[in-house]
Amino acid sequence: MIEARRLHILRAVADHRTVTAAAAALYLTPSAVSQQLTALEQETGHRLVERSAKGVRLTAAGEILLAHTNAVLAQLERAEAELAAYGSGEAGTVTVAAFATGIAQVVAPAVARLAGTAPGIRIRVQDAEGDASLPMVLDRQVDVAVAVEYRGAPPADDPRLTHVPLYAEPFDAVVPLHHRLAGTSEILLAELAKDTWIGPYPGNPCHDVAVLACESAGFQPRFEHSSDDFRAVVALAAADAGVALVPRSALRGMDLTGVVVRPVDGVAPTRRVFAAVRRGAEAHPLIRPVLDALDEAARL
């Protein structure tokens, strides 16, 4: 009989690619993870992982078992959801990880809505970028992630996750007040090819959006200044340190003295925001109202 907790460990090792990283995500010791993998190999009668100096990779047998693991763990999430529904599940805590403007845009309004519609549900919010929040969901550190599509992100049909689209928003060009293009009504990205750029660090989904947009315009942006805080990005642009692409919602209520904000000429770079939960958990009586409240906030 294969133990479900060992399947969870197998998936964590596949996701994190090292025993040490998987152990940290699961709050276990590396030796405990190794012991559970050995026990799983004994249960299945197959070698499931191969270790090397670069980390751990699944064998062919491990890949077969991983495909079944995703289905099994999703079904267990559904079972927990049905049991919680049977027991009413009207009170409890749901942890939501989201990036800063996502918190302002949809999470905070959802929290306010739930206070009236589902007062027994307590929401705990953690600030985390999309590339961090999705692994947190998979590692069961949080229940819901509000994330942004980015290169390397799990696709919408990933068997481990259920995606709920929320909203899409354009990025605007932010240039210094006396920039040569400040007087235009729209800015063509190709005309910024030789400028110095300011933006989030690589790995931040917004960095990927900016890079992809510039690549589509025929150039690689030259980033000289990096910050994940868009207030800092705008302040640097105001100091004539460079140009930037900033999500429109991040500019709301910000001090824009010293900069000019213009829409991008042509197809605007866009970030697509979604909520994600472990597949099968979307029907949980605590999580379903949270997803509905996020969707309602996004529509408004």
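A quick note: this is a predicted structure, and the numbers were derived from the prediction, not measured.

Enquirer: Honestly, the layout of surface pockets in this entry has me stumped. Any pointers?
Expert: To find leftover empty space, one rolls a probe the size of a water molecule over the atoms. Approximately 370 Å³ is the volume attributed to the largest pocket. If you go around the largest pocket, you meet 18 residues; those closest to its centre are A100, T101, D229, F230 and A250. Elements with a contribution of two residues or more to the lining of the largest pocket: α5 (100-117), α8 (230-238) and α9 (248-251). The element best represented in the lining of the largest pocket is α5, accounting for four residues. Of the residues assigned to the lining of the largest pocket, the class counts are seven nonpolar, four polar and seven charged. Elements represented by at least two residues in the lining of the second largest pocket include exactly α1 (4-16), β2 (55-58) and α4 (60-86). Of the residues belonging to the lining of the second largest pocket, the class tally is seven nonpolar, one polar and six charged.

Enquirer: Looking at this structure, I do not really get the nonpolar core. What am I missing?
Expert: Note on soluble globular proteins: their nonpolar side chains tend to be buried together. Residues L189, L192, W197, F230, L245 and V246 are the most contacted members of the largest nonpolar core, which totals 32 residues. Among the elements of the structure, β6 (161-176), β7 (196-199), α7 (205-216), α8, β9 (244-247), α9 and β10 (259-262) are those that each provide at least two residues to this core. Ranked by residues supplied to this core, first place goes to α7 with five residues. When sequence neighbours within four positions are dropped, the list of residues in contact with F230 reads P200, C206, L245, V246, P247, A250 and M254. Core analysis: the second largest hydrophobic core is formed by 29 residues, I103, V290, L291 and A293 among them.

Enquirer: Help me understand the pattern of salt bridges in this model?
Expert: Pairing is possible between side chains that carry opposite charge, provided their charged atoms lie close to one another. The tally for this structure, following the rule as stated, stands at 17 salt bridges. Across the pair D143 and R278 runs a salt bridge whose closest N-O atoms are separated by 3.9 Å. Note that D143 is positioned in the loop between α6 (130-138) and β5 (144-148) and R278 in strand β11 (residues 270-278), a separation of 135 residues in sequence. Like R278, D143 is buried. Taking the shortest distance from any N to any O, the salt bridge between R299 and D295 comes out at 2.8 Å. Of this pair, R299 and D295 both sit in helix α10 (residues 287-299), four residues apart, which is roughly one turn of the helix. Beyond isolated ion pairs, a larger network of salt bridges with shared partners links E77, E80, R140, D143 and R278.

Enquirer: Would you mind going over the UniProt feature "domain: HTH lysR-type" (unreviewed entry) in the protein chain with me for this structure?
Expert: Per the UniProt entry, the sites bearing "domain: HTH lysR-type" (unreviewed entry) are residues 2-59 in this numbering. The straight-line gap between the two end C-alpha atoms of residues 2-59 is 18 Å; of that span, 62% is helix and 14% is strand.

Enquirer: Can you help me understand the environment of A104 in this one?
Expert: Tracing the sequence through the fold places A104 in helix α5. Note on A104: relative accessible area 59%, which makes it exposed. Measuring from C-alpha to C-alpha, the distance between A104 and A250 comes to 9.2 Å, with 146 residues separating the pair along the chain.

Enquirer: Got a minute to help me understand unusual backbone geometry in this structure?
Expert: Most peptide bonds take the trans form, and the phi angle of most residues other than glycine is negative. With a phi angle near 70°, R17 is a residue other than glycine that sits in the positive phi range. In this fold, R17 is placed in the loop between α1 and α2 (19-26).

Enquirer: Explain the packing of aromatic side chains to me, please; I cannot follow it from the model alone.
Expert: Both the distance between ring centres and the angle between the ring planes are used here to describe each pair of aromatic rings. Within this structure, the stated rule accounts for two aromatic pairs. Ring centres of W197 and F219 lie 6.2 Å apart, and the angle between their planes is 45°; on these two criteria the pair is classed as tilted. Here W197, found in strand β7, pairs with F219, found in the loop between α7 and β8 (222-226); they are 22 residues apart in sequence, far enough to count as distant. For the pair shown, W197 and F219 are each scored as buried. Chaining the aromatic ring pairs together yields one cluster made of W197, F219 and F223.

Rules of the game
Residues numbered from 1 in each chain as written. Predicted model: local features only at pLDDT ≥ 70, side-chain atom pairs only at ≥ 80, totals over all residues. Heavy atoms only, no water. 1 Å grid on protein atoms, 1.4 Å probe; cavity = no way out; pocket = protein on both sides within 12 Å on 5 of 7 lines; lining within 4 Å. Points joined across faces, edges and corners; volume = space filled by probe spheres on them. Helix = DSSP H or I, 4+ residues; strand = E, 2+ residues; numbered from the N terminus. Nonpolar A, V, L, I, M, F, W, Y, C, P; charged D, E, K, R; others polar. Core = buried A, V, L, I, M, F, W, Y, C linked by side-chain atoms within 4.5 Å. Buried < 20%, exposed > 50% of the residue type's maximum accessible area, 1.4 Å probe, protein only. Contact = heavy atoms within 4.5 Å. Salt bridge = Lys/Arg side-chain N within 4 Å of Asp/Glu carboxyl O. UniProt positions renumbered as here; feature names shortened; annotations may be inferred. Phe/Tyr/Trp six-rings, centres within 6.5 Å; stacked < 30°, edge-to-face > 60°.

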